[in-house]
Amino acid sequence: MAPLHEPAPDDFGDDLRGNHVRRPYPPWQSGPVAEEERDGVKLTNLDQPLFDGAGATKRDLVDYLDALGERVLGVLRDRPLTVLRVLRGQKPFMQKNLPKYTPEWVERVSVWAESSHREVIYALCNDRRTLLWFANQRAIEYHPTLIPAGAVHPSFAVLDLDPPEGSGFGLAVSAAKLVRQVLDEAGLPSLVKTSGAKGLHVFTPVAAEATVEEVAAATRAIAARAERLDGALATTAFIREDREGKVFLDSTRAGGATVVATYSPRVRPGTPVSFPVPWDELDRVTPADFTVHTAPALLGDADPWGELMPDPVPLPADLVEEGRAIPIARVQAMHEGKRRARAAREG
């Protein structure tokens, strides 16, 4: 286990096995610069840009996450965490399995990954020190699971609204209103946030007894009902070529899936953040309004995500039953893709 202070973690990169490998400093730099320490975590190279087009430095990332503090931790706490890191001179990469050099005080949980048939050691970002350590690792995006560690029931039903390329944010807003109408009619409360990219995430907190299968089925039914309300605006078509310029209502965020955390920065130009927006203000904002530079001042001491989150409610039985009759989008798309490929070869 690597010691906390020596060497500084950001002076290294990861090889394909998750080991630390020292990177040579560029010829104009003889060693780490712009260092400081917070909560026992040594922070290095704080004045370096986060990534091309970020308009922000590593210091801006650290300051942002530290300023939001408990509000970020409240979203991440006790949930297996995947992060998107951007090391100097490298492309962004997702990190699920904790690297070998992770400090011993970082809480963690072992989760069986059915897809890869192995145990994955995830971090639990439960305190300021861990959050600062991740920031120093240049972890920019934070993607917690919908199911807390040690639990078997999802906390939320989530719809990810993905507008077509080149469209305005207004399309996503209109689609979100369709989803809200469905939820209201079903007696389900909801909260919405920007994804930090071009879309929106609609969250519905569900009662603890709801199973993964029930939440997944209900989410499919919500998407299908919204599509029926306005099929010219919204679609549940998983295959991109079939969406015909409509907003995709992605109902596949269920089970062990992750969704980018509220308040998480994104690896996008300007370093926007995923930000909660009251339903009655959606028409007056754009995703670019919320960045690592602007969000702290907009929030002040408030935590709208935590403060406005409704109490969990049971899922209506009719919604679950309707969803059970709807094919799982990823599976259906996989079979359809194979069918089309076969037809193309035979044609």
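Here the structure is a predicted model, which is why all the values come from computation and not from measurement.

Caption draft 1: The overall build of the chain, seen in detail. A tally of regular secondary structure across the chain gives nine helices and 14 strands. Classification of the 347 residues of the chain by burial places 52% in the buried group. Sequence separation of 24 or more characterises 70% of the internal contacts of the chain that already satisfy a separation of 6 or more. Total accessible area computed for the chain in this model is approximately 15,900 Å², and 54% of it derives from carbon and sulfur atoms.

Caption draft 2: Summary view of the environment of valine 215. Tracing the backbone shows valine 215 in helix α5 (residues 212-229). Aside from chain neighbours lying at most four places away, what touches valine 215 is Pro154, Phe156, Ala157, Val206, Ala210 and Leu315.

Caption draft 3: The pairing of strand β7 (residues 108-113), seen in detail. Of the strand pairs in this sheet, β7 and strand β8 (residues 118-123) are connected by six bridges, and their pairing is antiparallel. Along β8, the bridge assignment pairs valine 109 with tyrosine 122. Hairpin connection from β7 to β8: four residues lie between these consecutive antiparallel strands, with histidine 117 at a positive phi of about 55°.

Caption draft 4: Up close: the packing of helix α4 (residues 169-185) against α5. As a packed pair, α4 and α5 sit with axes 9 Å apart at the nearest point and diverge in direction by 115°. The chirality of how α4 crosses α5 is right-handed. Contacts from Leu178, Val179, Gln181, Val182 and Leu183 of α4 reach α5 at Ile222, Arg225, Ala226 and Leu229. Taken together, the residues that form the contact of α4 with α5 break down as seven nonpolar, one polar and one charged.

Caption draft 5: Representation of the environment of proline 164 within the structure. Mapped onto the elements of the fold, proline 164 is located in the loop between β10 (156-162) and α4. Overall, the relative accessible area of 18% leaves proline 164 in the buried class. In the structure, proline 164 is positioned 79 residues away from arginine 243 in sequence and 8.3 Å away in space, judged by C-alpha atoms. Discounting chain neighbours no more than four positions away, the residues touching proline 164 are Leu171, Lys198, Gly245, Lys246 and Val247.

Caption draft 6: Highlighting the packing of α5 against helix α8 (residues 317-324). Where α5 contacts α8, the two axes come as close as 7 Å, and the packing angle between them is 85°. Of the possible angle classes, the one that applies to α5 and α8 is roughly perpendicular. Between α5, through Glu213, Glu214, Ala217, Ala218, Arg220, Ala221, Ile222, Arg225 and Arg228, and α8, the contact on the second element is made entirely by Asp318, Leu319, Val320, Glu322, Gly323 and Arg324. Of the residues contributing to the contact of α5 with α8, the split by class is six nonpolar, one polar and eight charged.

Caption draft 7: Quick peek at the nonpolar core. If you look at the biggest cluster of nonpolar residues, it comprises 88 residues, and the most contacted ones within it are Phe134, Tyr142, Leu161, Val179, Leu200 and Leu249. Within the second largest apolar cluster, five residues are counted, among which are Val109, Ala113, Val120 and Leu124.

Caption draft 8: Just the packing of aromatic side chains, in detail. Considering all chains together, one arrives at eight aromatic pairs under this definition. Pairing tyrosine 263 with phenylalanine 275 gives two aromatic rings, centres 6.4 Å apart and planes at 85°, and the pair type is edge-to-face. On the criterion of sequence distance, the pair formed by tyrosine 263 in the loop between β14 (247-250) and α6 (295-299) and phenylalanine 275 in the loop between β14 and α6 is long-range, its members being 12 residues apart. Grouping residues by exposure puts tyrosine 263 and phenylalanine 275 together as buried. Here the basic side chain of arginine 129 rests over the ring of tryptophan 105, its NZ or CZ set 4.1 Å away from the ring centre. Sitting above the plane of the phenylalanine 248 ring, arginine 243 keeps its charged end 3.9 Å from the centroid.

The rules we used
Residues numbered from 1 in each chain as written. Predicted model: local features only at pLDDT ≥ 70, side-chain atom pairs only at ≥ 80, totals over all residues. Heavy atoms only, no water. Helix = DSSP H or I, 4+ residues; strand = E, 2+ residues; numbered from the N terminus. Buried < 20%, exposed > 50% of the residue type's maximum accessible area, 1.4 Å probe, protein only. Contact = heavy atoms within 4.5 Å. Areas by Shrake-Rupley, 256 points an atom, 1.4 Å probe, with all protein chains shown as cover. Pairing = 2+ DSSP bridges. Axes fitted to C-alpha atoms, helices over the stretch in contact; angles between N-to-C directions. Left-handed = near helix turned anticlockwise from the far one by under 90°. Nonpolar A, V, L, I, M, F, W, Y, C, P; charged D, E, K, R; others polar. Parallel < 35°, antiparallel > 145°, perpendicular 65-115°, else oblique. Core = buried A, V, L, I, M, F, W, Y, C linked by side-chain atoms within 4.5 Å. Phe/Tyr/Trp six-rings, centres within 6.5 Å; stacked < 30°, edge-to-face > 60°. Lys NZ or Arg CZ within 6 Å of the ring centre and 35° of its normal.

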